[in-house]
Amino acid sequence: MPQTKIFKTAAILIVLTLIVLILVYGKPFFVPIAFAGLLAMLLLPISKWLQSKGVNKAVAILLSMLTFVGFFALVIWFISWQVSDIAENASKLEQQVMEKYQQLRQLLSTEYGISAEKQEQMLKEQQSSSSGKVSATLTAIISGFGGFLTNLLLVLVYVFLFTFFRERIKGFIVRLVPESEKENALSCIHKTQQVAQEYLKGLFLMIVFLWIMYSIGFTIAGVKNAFFFAILCGLLEIIPFVGNLAGTALTLMMSLVQGGDMNLVIGILVTYGLVQFIQSYLLEPLVVGSGVSINPMATIVGLVAGELLWGIPGMVMAIPLMGMMKVIFDHIPAMRPYAYLIGQEEKKDSNWKQSIKKIGSKIGNLFKS
């Protein structure tokens, strides 16, 4: 009996190791497929609605994809416009950077005793050592952009195929299970799809709300190019926990470089605090909802594991994929302990939260209609 348990444990470890190796070395193959699967679930309601209006299936799928691509093309155009506006003031920005640089040199000289000659020598050594790194970085950026365009086209192709052949994919999954488990399999497919759709739609709406709130807050605080930084902070929300913080930190640094004073810094920090409060206590319960009921411990572990396996794409997809995994585990008796481990107990909301949720559900129904 002890040897049987040892062999069973060893087999589980070997299987887990193989899964990790497959995910790591198969990243170029699996990442576009995972993104496409999530995107196909997000666009499926639009495609179904168009089909209900008599639109051809393939045309409905293409129109839903064009809606998504058109929206993000509009966002990219706005960001490019804002970047060009920042570039027009590049000379003034360069002057401000040089002023900050001179202040830093003066600080190093007076406070730490590093002479100007020593600073020049250190700067030259740093430039000579980093010259090769800069060219390598530029080459990596160019090749990475080419790979991004290729993967983007591949994702769009996958989205169309997954949506067009969704019934066949569902039929394939149902045929993998015994006859007695077909109803359970169909329920699992439906709930998995529902969890992914609720999370992605909620995340999309939250990003829009964050754009509005950050735009108002940054404009009141006096941030230059407030709309650009608001969109940046909102888009970084797709990376949980660190996204908003990174966007606000970048806004803070750019504002200081552009000559911002202490009042501007306080305004940015107050905006960040208010947005985080509204997001945590109003937007997340109302807009995102409890579709992905993953506890904080599992969320953090999943984010770290996603970053180690697939980098930033892994962090972006970690939460919806874990939510889908929990639904699948709930429908498999042997895997229910794992669903319990990563899940969380549903808490009974207070009266004021229930009232707010009723209002939020009405707003959500308006968006659905």
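The shown structure was predicted, so the numbers you read here are calculated from the model rather than taken from an experiment.

Scoring rules and cut-offs
Residues numbered from 1 in each chain as written. Predicted model: local features only at pLDDT ≥ 70, side-chain atom pairs only at ≥ 80, totals over all residues. Heavy atoms only, no water. Patch = residues over 30% accessible without salt bridge, like charges linked within 9 Å, V, L, I, M, F, W, Y side chains within 5 Å. Areas by Shrake-Rupley, 256 points an atom, 1.4 Å probe, with all protein chains shown as cover. Salt bridge = Lys/Arg side-chain N within 4 Å of Asp/Glu carboxyl O. Helix = DSSP H or I, 4+ residues; strand = E, 2+ residues; numbered from the N terminus. Buried < 20%, exposed > 50% of the residue type's maximum accessible area, 1.4 Å probe, protein only. Contact = heavy atoms within 4.5 Å. Expected span 1.5 Å × (residues − 1). Bend = angle between axes of the 7 residues up to and from the residue. pLDDT = per-residue confidence, 0-100. Phe/Tyr/Trp six-rings, centres within 6.5 Å; stacked < 30°, edge-to-face > 60°. Lys NZ or Arg CZ within 6 Å of the ring centre and 35° of its normal.

A few points about a nonpolar patch on the surface
Moving on, step 1. A surface patch of nonpolar side chains, amounting to about 730 Å² of accessible area, comprises Leu153, Val157, Leu161, Phe165, Ile169, Phe172, Ile173 and Leu176.
Moving on, step 2. Those elements giving two or more residues to the nonpolar patch turn out to be α5 (116-164) and α6 (166-176).
Moving on, step 3. With four residues, the top contributor of residues to the nonpolar patch is α6.
Moving on, step 4. Relative to the helices and strands, Leu176 is located in helix α6.

Comments concerning the environment of Phe164
Moving on, step 1. Inspection of the secondary structure assignment puts Phe164 in helix α5.
Moving on, step 2. Among the residues examined, Phe164 registers a relative accessible area of 28% and is labelled partly exposed.
Moving on, step 3. Taking the C-alpha atoms as reference points, Phe164 and Ser47, separated by 117 residues in sequence, lie 9.8 Å from one another.
Moving on, step 4. Among residues more than four places away in sequence, those in contact with Phe164 are Lys57, Ala58 and Ile61.

Observations regarding unusual backbone geometry
Moving on, step 1. We note that Asn225 has phi near 55°; this positive angle belongs to a residue other than glycine.
Moving on, step 2. Counting through the fold element by element, Asn225 comes out in the loop between α7 (182-221) and α8 (226-235).

A short note on helix α12 (residues 312-330)
Moving on, step 1. If you check α12, its first and last C-alpha atoms are 28 Å apart, about what 19 residues at 1.5 Å a residue would give, namely 27 Å.
Moving on, step 2. In the structure, α12 departs most strongly from a straight axis at Ala318, where the bend amounts to approximately 45° and where the proline Pro320 lies between one and four residues downstream.

Overview of the confidence of the model for the chain
Moving on, step 1. Confidence along the chain averages 77 in pLDDT terms, with 72% of residues attaining 70 or more.
Moving on, step 2. In the predicted structure, residues 129-138 sits below a pLDDT of 50 and forms zero contacts with residues beyond four places in sequence or in another chain.

Thoughts on the packing of aromatic side chains
Moving on, step 1. The final tally for this structure, using the stated rule, is 11 aromatic pairs.
Moving on, step 2. Residues Phe71 and Phe72 carry aromatic rings whose centres are separated by 5.4 Å and whose planes lie at 90° to one another, so their mutual orientation is edge-to-face.
Moving on, step 3. The exposure class assigned to Phe72 is partly exposed, which follows from its relative accessible area of 31%.
Moving on, step 4. Taken together, a centroid distance of 5.1 Å and an interplanar angle of 70° make the contact between Phe228 and Phe229 edge-to-face. For the pair Phe228 and Phe229, a shared accessibility class is recorded, and that class is buried.
Moving on, step 5. An aromatic cluster of three or more residues is present, and its members are Phe68, Phe71, Phe72, Phe204 and Trp211.
Moving on, step 6. Positioned above the aromatic ring of Phe164 is the side chain of Lys57, whose terminal nitrogen or guanidinium carbon lies 4.8 Å from the ring centre.

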